[in-house]
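# What the coordinates show
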Amino acid sequence: MVARIKSSKSIRGLLNYNENKVTAGQAQLIMASLFGTEVEKLKFSDKLNRLLHLTELNDRVKTNSVHIMLNFDVSEKPDMLTMQQIATAYMDKIGFGDQPYLVYKHDDAAHAHIHIVTTNIETDGNRISLHNIGKTLSEPARKELEVEFGLVKADSKAINKANRIKPISPEKAVYGKTPTKRAITNVVGAVVSQYKFTSLPEFNAVLKQFNVTADRGKEGTLMFEKQGLIYSILDENGNKIGIPFKASSLNDKPTLNNLEARFAQNEEKRKPFKESLKNSIEKVFINYKGITKDAFIKQLQKQHIQAVFRQNEQGITYGVTFIDNYNKAVFNGSDLGKAYTAKGLNEKFGPIDQLAKQKQDSYGRTGQYQPTYLPNTPKTDYLKADEPTEQYLQPSVFDRLLNNLMGKGGDGGAPLTTSKKKKKQERGKGL
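Residues numbered from 1 in each chain as written. Predicted model: local features only at pLDDT ≥ 70, side-chain atom pairs only at ≥ 80, totals over all residues. Heavy atoms only, no water.

Glancing now at the overall build of the chain. Along the chain, the regular secondary structure elements total 14 helices and 11 strands. A total of 431 residues make up the chain; the buried ones form 42% of that total. The contacts in the chain between residues at least 6 apart in sequence include a share of 61% that link residues at least 24 apart. Entry remark: accessible area of the chain is about 24,200 Å², with carbon and sulfur atoms responsible for 50%. (Helix = DSSP H or I, 4+ residues; strand = E, 2+ residues; numbered from the N terminus. Buried < 20%, exposed > 50% of the residue type's maximum accessible area, 1.4 Å probe, protein only. Contact = heavy atoms within 4.5 Å. Areas by Shrake-Rupley, 256 points an atom, 1.4 Å probe, with all protein chains shown as cover.)

Put into structure tokens, the structure is as follows:
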């Protein structure tokens, strides 16, 4: 089981997020602790006012809302009673057992998971500290519950990486299929809470994966000067469609000012994933002598990494952003190093892309030549190794093997040189 705790400044926003899921048929309220009545009889106002009343007891505390997510392994299908028991035990163990809280079972992902909404303000107005709660209380509680309920252990080496529990994946917003504002709210809320981005372009790179974009307006406009931000749905061609919505009108208020407050926090949160991303990129290059940009992008996608190259109006590539969708971390190429910038990458792609284009122009129109940029079966005629080859992505491992066979380097196997042969013959004559 994986437990995540998020704090915020808006009880209403947290409640709206979960209630919107219920309305959309993607969630169900399965438990309401200390609300004084059955779940079925609770109105939205009952839920909101119960929690708001506690937050008003201490107006000095601004971060007074707590959102907890308990995620189960994809192989587990706990029933409602088990989920209720796990939620109750977990809240007791982290010191929130006497707080009113709502438990929602979500059905919008491949794995079973529940969301818990509560506040950290107690009935006497005191604040429950959230500092380091994940390490000191949540992690021990998680491990105890895994044993008590026989759950798959989150840190077990037996869990295959591909089957590890992943956070909620925002569904793509499709214009006309889902109410526009709700669709945008769901996508933006999930991206803001899950991804670690440090700028508006990085934020937009993630949003566009789910057909949503955040727009500041053009420089010089009143909206740009006022730090305004609007969200729109994109069609399959990346064009804005439907009615845009102001950031201030969405749940959790994902305004530019609020997003900028997250940038510095995310800068630290994404650091642990920097080296693993670089290793994934290098893994693509190390296996090939050369590679096209398109093939590079496709190979990264197999590792759940999206490479987004940015172009200006003249079609010139000026930047690249890498989105690690597994670890939910976003980096510009320049953050990773000079070799990972758009310029550095294009220096590697350039010759291969140009050669591929020449071949396509020569043969593509007639259908006589269909370029393949993934590794082909190596030629076995080693005696013609110095002749040009059309295997643009020939593995570098094959080059080393070929050099060894041809005596051009490597361990052993070097042919006897002519000078050594002559000396041996001369010694033979002298005998």
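On to the sheet that holds strand 9 (residues 305-311). Read from one edge to the other, the open sheet built from 3 strands follows the order 9-10-11, with strand pairing classed as antiparallel. Where the open sheet ends on each side, the last strands, each with one partner, are strand 9 and strand 11 (329-332). Between one strand axis and the next, the sheet turns through 20 degrees on average, direction left out of account. Across the sheet, helix 6 (residues 200-207) touches strand 10 (317-324) and strand 11, and the angle it forms with strand 10 is around 65 degrees. Lying on the sheet, helix 10 (residues 293-301) is in contact with strand 9 and strand 10; it crosses strand 9 at an angle near 145 degrees. (Pairing = 2+ DSSP bridges. Axes fitted to C-alpha atoms, helices over the stretch in contact; angles between N-to-C directions.)

The antiparallel open sheet is built from 3 strands, whose spatial order is 6-7-8. Edge positions in the open sheet fall to strand 6 (212-215) and strand 8 (240-246), since each of these has one partner strand only. Across the sheet, the mean angle from the axis of one strand to that of its neighbour is 25 degrees, orientation sign disregarded. The pairing of strand 7 (residues 230-234) with strand 8 spans 4 bridges and is antiparallel.

Our next topic: unusual backbone geometry. Its identity is not glycine, yet leucine 34 carries a phi of approximately 65 degrees, on the positive side. By the element assignment, leucine 34 lies in the loop between strand 2 (27-33) and helix 2 (44-55). Positive phi is not limited to glycine here, since glutamine 227 has a value of about 60 degrees.

Let us look at the side chain of serine 65. Residue placement: serine 65 occurs in strand 3 (residues 65-71). Since its relative accessible area comes to 0%, serine 65 is described here as buried. A distance of 3.5 Å separates a polar side-chain atom of serine 65 from the backbone nitrogen of serine 10. At 3.1 Å, the side chain of serine 65 forms a polar contact with the side chain of asparagine 64. When near neighbours in sequence (up to four residues on either side) are disregarded, serine 65 contacts Lys6, Ser7, Ser8, Lys9, Ser10, Ile11, Leu14, Thr118 and Asn120. (Polar contact = N/O pair within 3.5 Å; in protein donor to acceptor, adjacent residues only side chain to side chain.)

Tallied over the entire structure, the rule returns 4 aromatic pairs. Measuring from centroid to centroid gives 6.4 Å for phenylalanine 203 and tyrosine 231, while their planes differ by 85 degrees, and the two rings are edge-to-face. With a gap of 28 residues between them, phenylalanine 203 in helix 6 and tyrosine 231 in strand 7 connect regions that are remote in the sequence. Owing to a relative accessible area of 0%, phenylalanine 203 belongs among the buried residues under this scheme. The exposure class of tyrosine 231 is buried, given its relative accessible area of 0%. Centroid distance phenylalanine 285 to phenylalanine 296: 5.1 Å. Interplanar angle 25 degrees. Geometry classified as stacked. Taken together, the positions of phenylalanine 285 in helix 9 (residues 274-286) and phenylalanine 296 in helix 10 put the pair 11 residues apart, joining distant regions of the chain. Assessed through its relative accessible area of 13%, phenylalanine 285 is described here as buried. (Phe/Tyr/Trp six-rings, centres within 6.5 Å; stacked < 30°, edge-to-face > 60°.)

Take the environment of asparagine 346 next. Within the secondary structure, asparagine 346 sits in helix 12 (residues 342-364). With near-sequence residues (within four places) excluded, asparagine 346 lies in contact with Lys293 and Thr317.

On to the pattern of salt bridges, then. Following the criterion strictly, the structure yields 12 salt bridges and no others. For the salt bridge of glutamate 202 with arginine 270, the shortest nitrogen-to-oxygen distance reads 3.5 Å. With glutamate 202 in helix 6 and arginine 270 in the loop between helix 8 (256-269) and helix 9, this pair connects stretches of sequence that are 68 residues apart. The exposure class of glutamate 202 is buried, given its relative accessible area of 1%. By relative accessible area, arginine 270 is classed as buried at 3%. Among the salt bridges present, the one from arginine 270 reaches glutamate 267, with a minimum N-O distance of 3.2 Å. You can call glutamate 267 partly exposed: its relative accessible area is 33%. (Salt bridge = Lys/Arg side-chain N within 4 Å of Asp/Glu carboxyl O.)

A few words now on helix 3 (residues 80-93). Taking 1.5 Å per residue as the helical rise, helix 3 with its 14 residues ought to reach 20 Å, and the 20 Å between its terminal C-alpha atoms agrees with that figure. For helix 3, the complete set of buried residues consists of Met83, Ile86, Ala87, Ala89, Tyr90 and Met91. In the core, the buried residues of helix 3 are packed alongside strand 1 (2-8), strand 2, strand 3, strand 4 (101-106), strand 5 (113-119) and helix 4 (133-148). Just downstream of helix 3 lies glycine 95, where phi reads positive at about 90 degrees. (Expected span 1.5 Å × (residues − 1).)

Time to look at the environment of threonine 55. Relative to the assigned elements, threonine 55 resides in helix 2. With relative accessibility at 9%, the residue threonine 55 sits in the buried group. With 68 residues separating them in the primary sequence, threonine 55 and threonine 123 have C-alpha atoms 9.3 Å apart. When near neighbours in sequence (up to four residues on either side) are disregarded, threonine 55 contacts Ile11, Asn64, Thr119 and Ile121.

Attention now goes to the pairing of strand 7. Buried residues dominate strand 7, accounting for 5 of its 5 residues. Of the two faces of strand 7, both are covered, the one formed by Ile230, Ser232 and Leu234 as well as the one formed by Tyr231 and Ile233. Examined bridge by bridge, strand 6 and strand 7 share 4 bridges and lie antiparallel to one another. Bridging from a neighbouring strand, aspartate 215 pairs with isoleucine 230 of strand 7.

Any functional reading would require information beyond the geometric quantities listed.
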